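# An overview of the molecular structure
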Amino acid sequence: MPNTREHPPTAIDIDQQESEAKQAMVDSLLENRQLIVASNRGPVNFTQDADGQFSARQGQGGLVTAVSAVLKGHEATWIAAAMTEGDRLRAQEAEESGETLITPHGTDSQFKLRFVVPTEEAYHRYYNVISNPLLWFLQHYLWDTPRSPDITHQTWTAWRDGYVPVNQVFADEIIVACEQFDREPVIMLQDYQLYLVGGMIREKRPTAIIQHFVHIPWPDPDYWRLLPIEMRQGICEGLLGCDIVGFQIPDHGRSFMYTCEAYVPGCSIDYANKCVQWKGRKIQVRHYPISIDADAVRKTAYSQEARAYERYLPTHWNEFTILRVDRAEPSKNIIRGFHAFDRFLEAHPEFQNRVNFIAVTQPSRMDVVEYRDYLDDMSATVGRINAKYSNVETGWQPVQIIMGESYARVLAAMKWYDVLLVNSIIDGMNLVAKEGALINERSGVIVLSEGAGAAMQLGHDALMVSPADIEGTAEAIYTALTMPIRERQGRARRLRRSVERDDVSVWFRDQLADIAEDAADHLGSADAPGAEVA
Ligand code: G6P
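Reading the values: the criteria
Residues numbered from 1 in each chain as written. Predicted model: local features only at pLDDT ≥ 70, side-chain atom pairs only at ≥ 80, totals over all residues. Heavy atoms only, no water. Helix = DSSP H or I, 4+ residues; strand = E, 2+ residues; numbered from the N terminus. Rg over C-alpha atoms; globule rule 2.2 N^0.38 Å. Buried < 20%, exposed > 50% of the residue type's maximum accessible area, 1.4 Å probe, protein only. Contact = heavy atoms within 4.5 Å. Areas by Shrake-Rupley, 256 points an atom, 1.4 Å probe, with all protein chains shown as cover. Lys, Arg positive; Asp, Glu negative; His and termini not counted. Charge placed at Lys NZ, Arg CZ, Asp CG, Glu CD. Domains from an automatic or database assignment. Buried area = accessible area lost by both parts, 1.4 Å probe. Salt bridge = Lys/Arg side-chain N within 4 Å of Asp/Glu carboxyl O. Polar contact = N/O pair within 3.5 Å; in protein donor to acceptor, adjacent residues only side chain to side chain. Nonpolar A, V, L, I, M, F, W, Y, C, P; charged D, E, K, R; others polar. Expected span 1.5 Å × (residues − 1). Arc of directions from axis to C-beta. Pairing = 2+ DSSP bridges. Axes fitted to C-alpha atoms, helices over the stretch in contact; angles between N-to-C directions. Phe/Tyr/Trp six-rings, centres within 6.5 Å; stacked < 30°, edge-to-face > 60°. Lys NZ or Arg CZ within 6 Å of the ring centre and 35° of its normal.

A word on the overall build of the chain. What the chain contains, in helices and strands, is 19 helices and 17 strands. The globule rule puts the C-alpha radius of gyration for 534 residues at 24 Å, and the 24 Å found for the chain is close to it. Over its C-alpha atoms, taken along the principal directions, the chain stretches across nearly 85 × 75 × 55 Å. Of all 534 residues assigned to the chain, the portion counted as buried reaches 56%. Of the contacts made within the chain by residues no fewer than 6 positions apart, 77% connect residues no fewer than 24 positions apart. Entry remark: accessible area of the chain is about 23,200 Å², with carbon and sulfur atoms responsible for 49%. A gap of 4 Å separates the mean positions of the 52 positive and 74 negative side-chain charges of the chain.

Written as structure tokens, this is what we have:
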């Protein structure tokens, strides 16, 4: 007799059902609501040619790449700062011709764009004094606290006449964009440059659905005390103007709740249900680990441009190749990575002449003195290591820095490594580790910092290191280079599958599914704006 009994659903069936249910919620949300995304750096930069014609070029960076990938196929509006002269000219042209939303021709984007154009002085204070040195350094624990930071008159001016007003301009422009549509908006704010925007929009549009995703770590309340109360409380309250605040990993969300509890009068925290109750509203604190667009990354990695790089990159390889890929950025811990390699060569001289360490590096935020100094220190450290080990007879130079921005070259290089070193001090996620896991063709091993958000997903199959542990990192390099091939293959296969399974579309879908649930609460509540609490 045939067995007609149905099998109980497997974990895969349940995952599949959940993911279909989430997708259905997202589709219905996007049918009924207008999506508005705001970030400091925009998805494209404009340049104007001699005939006055504008052309658009895709913006750079992890945030822009991820958000651009997920917005494909959606009619979103993107609000961003005009960062280049071309952007400012394009924004001016739009203003003069009454073009509220710009369509960036010449890219495959479907979104429309609206530029925020603060004065150059206000923007400098907001970006080069507060966002990058102050907030970025705070949130990555980068200060040598007996010496820095100094919150001076200049910092206060930058806060009051830079960060606050630029956030206000963003809020105002978002409200203008909202008014272009009949449908109610869903506003998705990105990152640390825009912490005050949610609260500012809430004042004018109490029923808006606002979500803020913080791409970088959130430190503990004690460390936030290095910022004066007006700043740290303002930041928390700005975020509490949103309905959902998202982080990369649960630890960062928990630190945010602790910080609110410590510095926002009148708020109460429900740690079990991960929400903050404040001024009669309930704010959800969630985590959504960002990822890469696996198909798009593969497409670039096997593009003609990448293949062209593959022809000359082998001049950098050796019998063993260690690779790292980063912006020249203190939080990436590049210098300690070089010291670890130095220690590895010292402890295992049998590898001398046979291993190359290639650092693909992109200069970044050169208006900030700490970044310029870090780049100088990187070069000096490499010089010292090369002087110590170089072999004049064979021409061997153990460390080589490749400078530049080409993403195709980065992916071409990633195919080849035996070891990918990702030893960041702390990192919101670190997408380099995910790109490497997906693209590498040599069953390379990832040496990964415990401080990288990616450790939550990849930690089991990478070799984990504590970021300040030079000796431990040197040992991890040795373990990786001497690991039996079958173990390398197993780890590499599991890493690749993990990245394929949770690509960036999951990051976006899960956020929108939570927003859809929240929107349903709003509509269900008799007294919008939000799920009112006692
Ligand atoms: C990286 C970080 C983002 C951050 C961005 C800012 O992409 O992952 O969290 O927003 O840098 O960089 P930018 O060059 O735009 O200042």
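So, about unusual backbone geometry. If a residue is not glycine, its phi is most likely negative; likewise, a peptide bond is most likely trans. For the bond running from S148 to P149, omega is 10°, close enough to zero to count as cis. Despite not being glycine, S443 shows a phi value in the positive range, around 50°. Tracing the sequence through the fold places S443 in the loop between α15 (431–439) and β16 (445–449).

Another point: the environment of E450. Structurally, E450 is set in the loop between β16 and α16 (455–458). Along the sequence, E450 and N386 sit 64 residues apart, while their C-alpha atoms lie 28 Å from each other. Among residues more than four places away in sequence, those in contact with E450 are A455, M464, V465 and S466.

Quick look at the domain arrangement of the chain now. What the domain assignment reports for the chain is domain 1 (12–46 + 56–291 + 506–527) and domain 2 (294–501). Measuring from the centre of the C-alpha atoms in domain 1 to the corresponding centre in domain 2 gives 31 Å. Listed as interface residues are 24 residues of domain 1 and, on the opposing side, 20 residues of domain 2. For the domain 1 and domain 2 pair, buried surface summed over both sides reaches about 1,800 Å², with 67% attributable to carbon and sulfur atoms. Contact with domain 2 buries area across many residues of domain 1, yet W136, F137 and S291 alone supply 23% of it, more than any other trio. If you look at where domain 1 meets domain 2, you find zero salt bridges. The interface formed by domain 1 and domain 2 contains four residue pairs in polar contact (both at pLDDT 80 or more). Looking at the side of domain 1 that touches domain 2 residue by residue, the classes come out as 13 nonpolar, 11 polar and no charged.

Take helix α1 (residues 11–32) next. Taking 1.5 Å as the rise per residue, α1 with 22 residues should run 32 Å; its terminal C-alpha atoms sit 32 Å apart, in good agreement. All of the buried residues in α1 are V26, L29 and L30. All buried residues of α1 fall inside an arc of 90° around its axis, so they share one side.

Turning to the sheet that holds strand β11 (residues 281–287), a few remarks are in order. Neighbouring strands of a sheet are bound in pairs by backbone hydrogen bonds; such pairs are parallel or else antiparallel. Ordered by their spatial adjacency, nine strands build an open sheet running β5-β4-β1-β6-β7-β8-β11-β10-β9, and the pairing between neighbours is mixed. If you trace the sheet from one side to the other, it starts and ends with β5 (112–116) and β9 (268–270), each paired once. Averaged over all neighbouring strand pairs, the angle between strand axes comes to 20°, with direction disregarded. Relative to strand β8 (residues 244–247), strand β7 (residues 209–213) runs parallel, the two sharing three bridges. By the bridge assignment for β8, F213 is matched with G246.

Applying the stated rule across the entire model yields 27 aromatic pairs. Following the ring pairs from residue to residue traces out a cluster consisting of F320, F338, F341, F344, F351, F357 and Y478. When the ring centre of F46 is taken as reference, the NZ or CZ atom of R90 above it lies at 5.7 Å. Lying over the aromatic face of W416, R442 brings its terminal NZ or CZ to 4.7 Å of the ring centre.

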